[in-house]
Amino acid sequence: MPENKEIETAGEIAKAMAQRPGALLPILHAVQDELGCIPASTVPVIAQALNLSRAEVHGVISFYPFFRSQPAGKKIVYICRAESCQAMGSAALEAHAKQSLGIDYHQTTADGSVTLEPVYCLGNCACSPSVMVDGELHSRVSAARFDELVKA
Ligand code: FES
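Now for a quick tour of the structure.

Definitions and cut-offs
- Residues numbered from 1 in each chain as written.
- Predicted model: local features only at pLDDT ≥ 70, side-chain atom pairs only at ≥ 80, totals over all residues.
- Heavy atoms only, no water.
- Helix = DSSP H or I, 4+ residues; strand = E, 2+ residues; numbered from the N terminus.
- Buried < 20%, exposed > 50% of the residue type's maximum accessible area, 1.4 Å probe, protein only.
- Expected span 1.5 Å × (residues − 1).
- Contact = heavy atoms within 4.5 Å.
- Phe/Tyr/Trp six-rings, centres within 6.5 Å; stacked < 30°, edge-to-face > 60°.
- Polar contact = N/O pair within 3.5 Å; in protein donor to acceptor, adjacent residues only side chain to side chain.
- 1 Å grid on protein atoms, 1.4 Å probe; cavity = no way out; pocket = protein on both sides within 12 Å on 5 of 7 lines; lining within 4 Å.
- Points joined across faces, edges and corners; volume = space filled by probe spheres on them.
- Nonpolar A, V, L, I, M, F, W, Y, C, P; charged D, E, K, R; others polar.
- Salt bridge = Lys/Arg side-chain N within 4 Å of Asp/Glu carboxyl O.
- Pairing = 2+ DSSP bridges.

## Section: the overall build of the protein chain
Logical step 1: Counting its secondary structure elements, the protein chain contains 7 helices and 5 strands.
Logical step 2: Scanning the protein chain from its N terminus toward the C terminus, one meets helices and strands in the order α-α-α-α-β-α-α-β-β-β-β-α.
Logical step 3: Dimensions along the principal axes, computed over C-alpha positions, put the protein chain at roughly 50 × 30 × 25 Å.
Logical step 4: Buried positions account for 39% of the 152 residues belonging to the protein chain.

Shown next, in the form of structure tokens:
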């Protein structure tokens, strides 16, 4: 979407929701749902609609890892870093994932295919280590299985 259209869309969302109590977070979710991310260029219109400073809006976006300023890859891969998964080898799985994809958490591969994110418990502790790919949960994921999931 062209930048001016993104700004226009974010401005319409922000204006429509500005009167709600605690409107900033719902607006940011709505903008990200609509645009796939919250581009830096949309921060001024969101701030204006809520009578906040750009720094305040930017501060909230950067506080929550869920919000992204760049579009995610085609596939979003979450690796669980919570206790049970750690006990079952998720640290080694993370290291493998980062090395095989050539990226760190919160980054996207150069070809735009995969974004890697950490998550803290997917409610699948009995089948650790757990990975979620595009909303689908996978259990007892080995390095080889991880590669299959990412390539699928
Ligand atoms: S600790 Fe990983 S799913 Fe619960």
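## Some remarks on helix α2 (residues 24–35)
Logical step 1: Relative to the 16 Å expected for 12 residues at 1.5 Å per residue, α2 spans 16 Å between its end C-alpha atoms, a close match to the ideal helical length.
Logical step 2: For α2, the secondary structure elements touched by its buried residues are α1 (3–17), α3 (43–50) and α4 (54–63).
Logical step 3: The first or second residue beyond α2 is G36, which carries a positive phi of 85°.

## Some thoughts on the packing of aromatic side chains
Logical step 1: Scanning the model with the defined rule gives 3 aromatic pairs in all.
Logical step 2: Aromatic pair F63 and Y64: ring centres 5.0 Å apart, planes at 85°, arrangement edge-to-face.
Logical step 3: On the basis of relative accessible area, Y64 is assigned to the partly exposed category, the value being 34%.
Logical step 4: Taking the centre distance of 5.9 Å and the plane angle of 80° together, the rings of Y64 and F67 count as edge-to-face.
Logical step 5: Grouped by ring-pair contacts, the aromatic residues F63, Y64, F66 and F67 constitute a single cluster.

## A closer look at the side chain of S130
Logical step 1: Inspection of the secondary structure assignment puts S130 in the loop between β3 (114–119) and β4 (131–133).
Logical step 2: A relative accessible area of 1% means that S130 is categorised as buried.
Logical step 3: A distance of 3.1 Å separates a polar atom in the side chain of S130 from a polar atom in the side chain of N124.
Logical step 4: With residues near it in sequence (within four places) discarded, S130 still touches Y78, I79, C80, C85, L122, N124, L137 and H138.

## Re the layout of surface pockets
Logical step 1: Size it by volume and the largest pocket reaches roughly 160 Å³.
Logical step 2: In this structure, the largest pocket is lined by P65, F67, R68, S69, Q70, P71, A72, H106, T108, T115 and E117.
Logical step 3: Tallied by class, the residues present in the lining of the largest pocket amount to 4 nonpolar, 5 polar and 2 charged.

## With respect to the pattern of salt bridges
Logical step 1: Counting across every chain of the model gives 5 salt bridges.
Logical step 2: A salt bridge links R81 to E94; its shortest N-O distance comes to 2.7 Å. In this pair, R81 is assigned in the loop between β1 (75–80) and α5 (83–87) and E94 in helix α6 (residues 90–101), connecting sequence segments 13 residues apart.

## Regarding the pairing of β1
Logical step 1: Where β1 and β3 come together, 6 bridges link them in parallel fashion. Each bridged residue has a counterpart across the sheet, and for Y78 the counterpart in β3 is E117.
Logical step 2: In the sheet, β1 pairs with β4 via 3 bridges, with the strands oriented antiparallel. Across the sheet, the residue bridging to Y78 is M132, located in β4.

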